[in-house]
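Reading the structure
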Amino acid sequence: MAGVPTQFGIVEIAIPHAIALAKSLPNVRLLGFHFHAISNNCDSKTDADFMDHCFETSKRWGAEWNIDISYLNVGGGIGINYLFNWGDFTNRLEKTLEKHRDCSWKLLFECGRYITSSCGYYAAEVLDIKQNHGKYFCVVRGGIHHLRLPAAWKQSHPFTIVPIESVIPL
């Protein structure tokens, strides 16, 4: 998990022991590796560099441990920034995949939020508009847990105010 303390995964220095253990178990067949670097990353260069690292590391471990790799899971972590240039991300991804076209592995991504982020709306009633030190804040009928990530990650999240008179009753 990107070299920081976390409850997820296996610390990289323990990988040789984990591989040796998996290879020693008669009913376990190691087919690949699963990586995860960061969540909500909006830097396409960092994403491409991380994916390249996953390929290179998996190739090294495969050769070192004589593993016939079938799968490489590069995790997710692709951030959602609605003002972001997605073409840059796609170009970098294609170049990284082209570099590693010698691998016949199935490549897995965990892109749930990246794929679905623009597939719906969050609607909340504005109860009040508050001013504090020159900034305005809307108090809405909804919980902080409803759409927390954009604010928590300080990402741009556009919105539209729809006057209640414009809303068609259901």
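Residues numbered from 1 in each chain as written. Predicted model: local features only at pLDDT ≥ 70, side-chain atom pairs only at ≥ 80, totals over all residues. Heavy atoms only, no water.

1. What to know about the sheet that holds strand β2 (residues 71-73)
Taken together, 3 strands build an open sheet; the order of strands is β1-β2-β3 and the sheet is parallel. The two strands at the open ends of the sheet, each matched to only one other strand, are β1 (32-34) and β3 (106-108). For this sheet, the mean inter-axis angle between neighbouring strands, taken without regard to orientation, is 10°. Relative to β3, β2 runs parallel, the two being bridged by 3 bridges. For Leu 72, the partnering residue across the bridge sits in β3 and is Leu 107. Contacting β1, β2 and β3, helix α2 (residues 44-65) runs over the sheet at an angle of about 145° to β2. (Pairing = 2+ DSSP bridges. Helix = DSSP H or I, 4+ residues; strand = E, 2+ residues; numbered from the N terminus. Axes fitted to C-alpha atoms, helices over the stretch in contact; angles between N-to-C directions. Contact = heavy atoms within 4.5 Å.)

2. Topic: the pattern of salt bridges
Applying the stated criterion across every chain yields a total of 6 salt bridges. For the salt bridge of Asp 52 with Lys 99, the shortest nitrogen-to-oxygen distance reads 2.9 Å. Taken together, the residues Asp 52 in helix α2 and Lys 99 in helix α3 (residues 86-99) connect sequence positions 47 residues apart. A network of salt bridges, in which partner residues are shared, links Asp 52, Glu 56 and Lys 99. (Salt bridge = Lys/Arg side-chain N within 4 Å of Asp/Glu carboxyl O.)

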